[in-house]
Amino acid sequence: LASLPEVNKKQVAAVGFSMGAFRAWQAAALSDAVTASVAVNWMATTDGLMVSGNNQLRGGSAWQMTHPGMQRFLDYPDVASLAAPKPMLVFAGEKDTLFPLDSVNAAFGKMGKVWGAWKAADKFETKVWPGGHVFVQEQQEFAYDWLDRQFGVKR
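Residues numbered from 1 in each chain as written. Predicted model: local features only at pLDDT ≥ 70, side-chain atom pairs only at ≥ 80, totals over all residues. Heavy atoms only, no water.

Further remarks concern the pairing of strand E1 (residues 13-17). Covered by surrounding structure in E1 are Ala 14 and Gly 16 only, the residues Ala 13, Val 15 and Phe 17 on the alternate face being uncovered. Note: E1 against strand E2 (residues 36-40), five bridges, orientation parallel. Looking at the pairing, Ala 13 lines up with Ala 36 of E2. The parallel pair E1 and E2, bridged by helix H1 (residues 19-30), forms a crossover whose chirality is right-handed. (Buried < 20%, exposed > 50% of the residue type's maximum accessible area, 1.4 Å probe, protein only. Helix = DSSP H or I, 4+ residues; strand = E, 2+ residues; numbered from the N terminus. Pairing = 2+ DSSP bridges. Right-handed = clockwise from strand over helix to strand, strands pointing away.)

In structure tokens, the structure reads:
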């Protein structure tokens with residue numbers, strides 16, 4: 001996307017829901033071309049996800065999240081924090097059964113410290129919505145309005 005001549009290279013965002021959110025924060029962390037990200041319903045600590053019944057232990061999607069040996073050194077919020085100080089918005093669902101809220105809040109706290117260390121706390125925002133593993137219209141509007149603010153876009 002950033003290589004296209006009609007694209008403003010300063011306004012390239014990665015936005016994703018669920019596994020797409022996992023990919024969005026990874027893209028933001030690993031690519032200078034991504035200048036902002038919105039990750040909806042995929043952030044927590046590894047320890048918080050290693051609970052009976054969680055997808056991390058079922059195997060259905062867990063293989064997609066495997067980076068051999070990485071978690072000996074970096075947890076999910078550590079990897080996402082490589083995106084700092086770029087703008088990042090991360091949502092969670094209060095009743096999301098896949099991402100326990102205590103684990104989500106621990107990840108948010110860890111990430112917030114990194115953006116703070118970059119003196120970019122205003123570029124990192126989290127929001128826990130009532131409800132579960134969804135990305136409904138109200139959340140979408142919030143996310144795209146947030147991106148507009150980050151990019152200085154006026155409607």
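Read across the sheet, four strands follow the order E1-E2-E3-E4 without closing on themselves; strand pairing throughout is parallel. Two strands in the sheet have a free side with no partner beyond their single neighbour: E1 and strand E4 (124-129). The mean inter-strand angle of the sheet, taken between neighbouring strand axes irrespective of direction, is 5 degrees. (Axes fitted to C-alpha atoms, helices over the stretch in contact; angles between N-to-C directions.)

Of all six residues that make up strand E3 (residues 88-93), six are buried, and the element is covered over most of its length. Burial along E3 is two-sided: the face carrying Met 88, Val 90 and Ala 92 and the face carrying Leu 89, Phe 91 and Gly 93 are both buried. Bridging between E2 and E3 involves four bridges; their strand directions are parallel. Following the sheet pairing, Val 38 is matched in E3 by Leu 89. Strand direction decides the pairing type here: E3 and E4, joined by six bridges, are parallel. When the sheet's bridge partners are listed, Met 88 is paired in E4 with Phe 124.

With that settled, consider a nonpolar patch on the surface. A cluster of nonpolar side chains, Leu 30, Phe 73, Leu 74 and Leu 82, forms an exposed patch at the surface whose accessible area comes to about 450 Å². By secondary structure assignment, the location of Leu 30 is in helix H1. Given the relative accessible area of 63%, Leu 30 is considered exposed. (Patch = residues over 30% accessible without salt bridge, like charges linked within 9 Å, V, L, I, M, F, W, Y side chains within 5 Å. Areas by Shrake-Rupley, 256 points an atom, 1.4 Å probe, with all protein chains shown as cover. Salt bridge = Lys/Arg side-chain N within 4 Å of Asp/Glu carboxyl O.)

Our next topic: the nonpolar core. Counting 31 residues, the largest nonpolar core has Trp 25, Trp 42, Met 43, Met 88, Val 90, Met 111 and Trp 115 as the members making the most contacts within it. Listed by contribution, the elements that provide at least two residues to this core are H1, helix H4 (76-80), E3 and helix H5 (101-117). Setting aside chain neighbours within four positions, we find Met 43 in contact with Trp 25, Tyr 76, Pro 77, Ala 80, Val 90, Phe 99, Val 104, Ala 107, Phe 108 and Met 111. With eleven residues, the next largest nonpolar core counts Leu 89, Trp 129, Phe 135 and Phe 151 among its residues. (Core = buried A, V, L, I, M, F, W, Y, C linked by side-chain atoms within 4.5 Å. Contact = heavy atoms within 4.5 Å.)

Here we come to helix H6 (residues 137-151). Taking 1.5 Å per residue as the helical rise, H6 with its 15 residues ought to reach 21 Å, and the 21 Å between its terminal C-alpha atoms agrees with that figure. Those residues of H6 lying buried are Gln 139, Ala 143, Trp 146, Leu 147, Asp 148 and Phe 151. Tucked into the core, H6 has its buried residues touching E1, E2, E3 and E4. Phi turns positive one or two residues past the end of H6, at Gly 152, with a value near 70 degrees. (Expected span 1.5 Å × (residues − 1).)

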